[in-house]
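# Report on the structure
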Protein chains: 2
Amino acid sequence: MTFKTENFSAMDEIDKKILMQLQLNAKQNTKEIADKVGLSVSPTYERIKKLEQQNYIKGYVALLNGTKIEKSIIVFCQISLAKHSKELMDNFRKEIGSLPEVMGCYHVSGNYDFLLKVAVSDMNEYQKFAVDKLSVIKELSNVQSSFVLEELKNDTVYEL
Amino acid sequence: MTFKTENFSAMDEIDKKILMQLQLNAKQNTKEIADKVGLSVSPTYERIKKLEQQNYIKGYVALLNGTKIEKSIIVFCQISLAKHSKELMDNFRKEIGSLPEVMGCYHVSGNYDFLLKVAVSDMNEYQKFAVDKLSVIKELSNVQSSFVLEELKNDTVYEL
DNA sequence: CTTGAAAAATGTCCCGT
DNA sequence: ACGGGACATTTTTCAAG
């Protein structure tokens, strides 16, 4: 009888380099990535497939220019709930998930409960969002909005 | 003499559908996208190239799983500056740009000046970030941290 | 716009080391 | 695991309706 081989294979430095390259530019072909990490095409290809299967990669997407597509207004909303029951949380989760204006939603510790990142095309749209979509959510006790004057950084790249 | 033809070609509904598909999954081939937007491959291909050239698309990237790569701690930092001179702002901009932990930085209106989204692997790393990297920035008058308990939504997809 | 074709580039997989 | 090479798919360009 032998011991089972561990199926748990941790990322090594080469995997990290591959992921970094894919984070920076997913349109690179396997050869380009292979050259940058110092391997040939085959092992690079296999590693990428493995990283995908192991769910290191959520997906491959195109990032759009907010300015070009008329989503120049970004607002952060600090939201406080009146109650904190599980049903309320689940309901809030569901409501937020269905709002396309909401690009980020975080349950946070501190002086308020949720932080929302909202992207809209103009003030009129924001007003409609705040009045018709946000404020209709039950048990919402307080909303404080901060308008973004300038986006200095908006990165999808994690340090590895 | 004739009037010049406008080189300004606005996006139509098909372009929006294409961009939406690319936002959702950039790994789709042209045929798949063509089917979804109701065109054949050739014009779909041409439209994508045109949208890229016209800078509608910032880039194509792989999105990683924060949990799988040991970046489970997300913190939002509300930062107030003591002064608001142009030099100070420019310096702050530069400093922030060089910090890989900072995934988002927004100059905002309201009770504080900047909102930072920071991703780190553990509390020790956060402490090092806060003490060695953030607090050393001159003229920083106040930092208030909100730790993310749960990420309900983190989307790169703009509504179109 | 559509269809279809063709060449070039890439992705994908098998095999020998 | 890696590297090379063969094969499949896709990208990219083009012509004709």
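Above this note sits the structure.
The rules we used
- Residues numbered from 1 in each chain as written.
- Chains lettered and ligands numbered in written order.
- Predicted model: local features only at pLDDT ≥ 70, side-chain atom pairs only at ≥ 80, totals over all residues.
- Heavy atoms only, no water.
- Near = heavy atom within 4 Å.
- Helix = DSSP H or I, 4+ residues; strand = E, 2+ residues; numbered from the N terminus.
- Nonpolar A, V, L, I, M, F, W, Y, C, P; charged D, E, K, R; others polar.
- Least-squares fit on C-alpha atoms with pLDDT ≥ 70 in both.
- Contact = heavy atoms within 4.5 Å.
- Buried area = accessible area lost by both parts, 1.4 Å probe.
- Salt bridge = Lys/Arg side-chain N within 4 Å of Asp/Glu carboxyl O.
- Polar contact = N/O pair within 3.5 Å; in protein donor to acceptor, adjacent residues only side chain to side chain.
- Pairing = 2+ DSSP bridges.
- Buried < 20%, exposed > 50% of the residue type's maximum accessible area, 1.4 Å probe, protein only.
- Expected span 1.5 Å × (residues − 1).
- Arc of directions from axis to C-beta.
- Axes fitted to C-alpha atoms, helices over the stretch in contact; angles between N-to-C directions.

## Some remarks on the protein's contact with DNA strand C
- Lining the immediate environment of DNA strand C, one finds A:Asn29, A:Thr30, A:Val41, A:Ser42, A:Tyr45, A:Lys49, B:Gly38, B:Leu39, B:Ser40, B:Ser42, B:Pro43 and B:Arg47.
- Close to the protein, within 4 Å, the atoms of DNA strand C belong to sugar or phosphate groups at a rate of 83%.
- Within the residue set of the surface near DNA strand C, elements represented by two or more residues are α3 (41–53) of chain A together with α3 (41–53) of chain B.
- Ranked by residues supplied to the surface near DNA strand C, first place goes to α3(A) with 4 residues.
- Here the residues of the surface near DNA strand C sort into 4 nonpolar, 6 polar and 2 charged.

## Here's the deal with the relation of the copies chain A and chain B
- Once turned by 180 degrees and shifted 0.0 Å along the axis, chain A lies on chain B with an RMSD of 0.1 Å. Taken together, the rotation angle and the small translation identify this as a two-fold axis. Residue A:Val61, judged by its C-alpha, is the member of chain A lying nearest the rotation axis, at 2.8 Å.
- Most of the interface of chain A is mirrored in chain B, where 100% of its interface residues again form contacts.

## Quick word on the interface of chain A and chain B
- Contact with chain A, which involves 63 residues of that partner, is made by 64 residues of chain B.
- Summed over both partners, the interface of chain A with chain B comes to about 6,400 Å²; 55% of that surface belongs to carbon and sulfur atoms.
- Contact with chain B buries surface across chain A, with A:Met103, A:Lys153 and A:Tyr158 losing the most and accounting together for 13% of the total.
- At the junction of chain A and chain B, the tally comes to 4 salt bridges.
- B:Lys71 is the partner of A:Glu159 in a salt bridge, and the nearest nitrogen-oxygen pair spans 3.8 Å.
- For the pair chain A and chain B, the number of links is 41 residue pairs in polar contact (both at pLDDT 80 or more).
- Looking at the side of chain A that touches chain B, the elements with two or more residues in it are α1 (13–24), β1 (57–64), β2 (73–81), α4 (86–97), β3 (102–108), β4 (114–120) and β5 (140–154) of chain A.
- With 10 residues, the top contributor of residues to the side of chain A that touches chain B is β5(A).
- In terms of residue class, the side of chain A that touches chain B is made up of 33 nonpolar, 17 polar and 13 charged.
- Bridge count between β1(A) and strand β1 (residues 57–64) of chain B: 7 bridges; the pairing is antiparallel. Within β1(B), the position partnered with A:Tyr60 by the bridge is B:Ala62.

## Looking at the pattern of salt bridges
- The final tally for this structure, using the stated rule, is 22 salt bridges over all chains.
- The partner of B:Asp35 in a salt bridge is B:Lys31, and the shortest N-O contact between them spans 2.8 Å. Note that B:Asp35 and B:Lys31 are positioned in helix α2 (residues 30–37) at a spacing of 4 residues, about one turn of the helix.
- For B:Lys133, the salt bridge is made with B:Glu101, and the minimal N-O distance between the two is 2.7 Å. Taken as a pair, B:Lys133 in helix α5 (residues 123–134) and B:Glu101 in the loop between α4 (86–97) and β3 (102–108) lie far apart in primary sequence, 32 residues in all.
- Taking relative accessible area as the criterion, B:Lys133 reaches 30% and is therefore assigned partly exposed.
- Through salt bridges with shared partners, one network takes in A:Lys86, A:Asp90, A:Arg93 and B:Glu150.

## Points about α4(A)
- Taking 1.5 Å of rise per residue, the 12 residues of α4(A) would be expected to cover 16 Å, and the 16 Å separating its terminal C-alpha atoms lies within 8% of that figure.
- Every buried residue of α4(A) is accounted for by A:Leu88, A:Met89, A:Phe92 and A:Ile96. Along the axis of α4(A), the buried residues cluster in a sector spanning 100 degrees; they form a single face. Exposed side chains of α4(A) directed beyond 90 degrees from the buried face belong to A:Lys86, A:Glu87 and A:Lys94.
- In this structure, the buried side of α4(A) is in contact with β2, β3 and β4 of chain A together with β5 (140–154) of chain B.

## Examining the protein's contact with DNA strand D
- Around DNA strand D, the surrounding shell consists of A:Leu39, A:Ser40, A:Ser42, A:Pro43, A:Arg47, B:Asn29, B:Thr30, B:Ser42, B:Tyr45 and B:Lys49.
- Looking at DNA strand D alone, sugar and phosphate atoms form 76% of those within 4 Å of the protein.
- Contacts to DNA strand D include B:Asn29, whose side-chain N or O atom sits 3.1 Å from a phosphate oxygen.
- In this structure, a base nitrogen belonging to DNA strand D sits 3.5 Å away from a side-chain N or O atom of B:Ser42.
- Among the elements of the structure, α3 of chain A together with α3 of chain B are those that each provide at least two residues to the surface near DNA strand D.
- Grouping the constituent residues of the surface near DNA strand D by class yields 3 nonpolar, 5 polar and 2 charged.

## Quick look at the sheet that holds β3(B)
- Strand order in the closed barrel made by the 8 strands is β2(A)-β4(A)-β3(A)-β5(B)-β2(B)-β4(B)-β3(B)-β5(A), with antiparallel pairing throughout. This sheet shows a mean twist of 35 degrees between the axes of neighbouring strands, independent of strand direction.
- Each of β2 (73–81), β3, β4 (114–120) and β5 of chain B touches α5(B); the most contacted strand, β4(B), lies at about 140 degrees to it.

## Digging into the environment of A:Glu95
- Within the secondary structure layout, A:Glu95 lies in helix α4.
- When the C-alpha positions of A:Glu95 and A:Leu160 are compared, they lie 34 Å apart, and in sequence the two are 65 residues distant.

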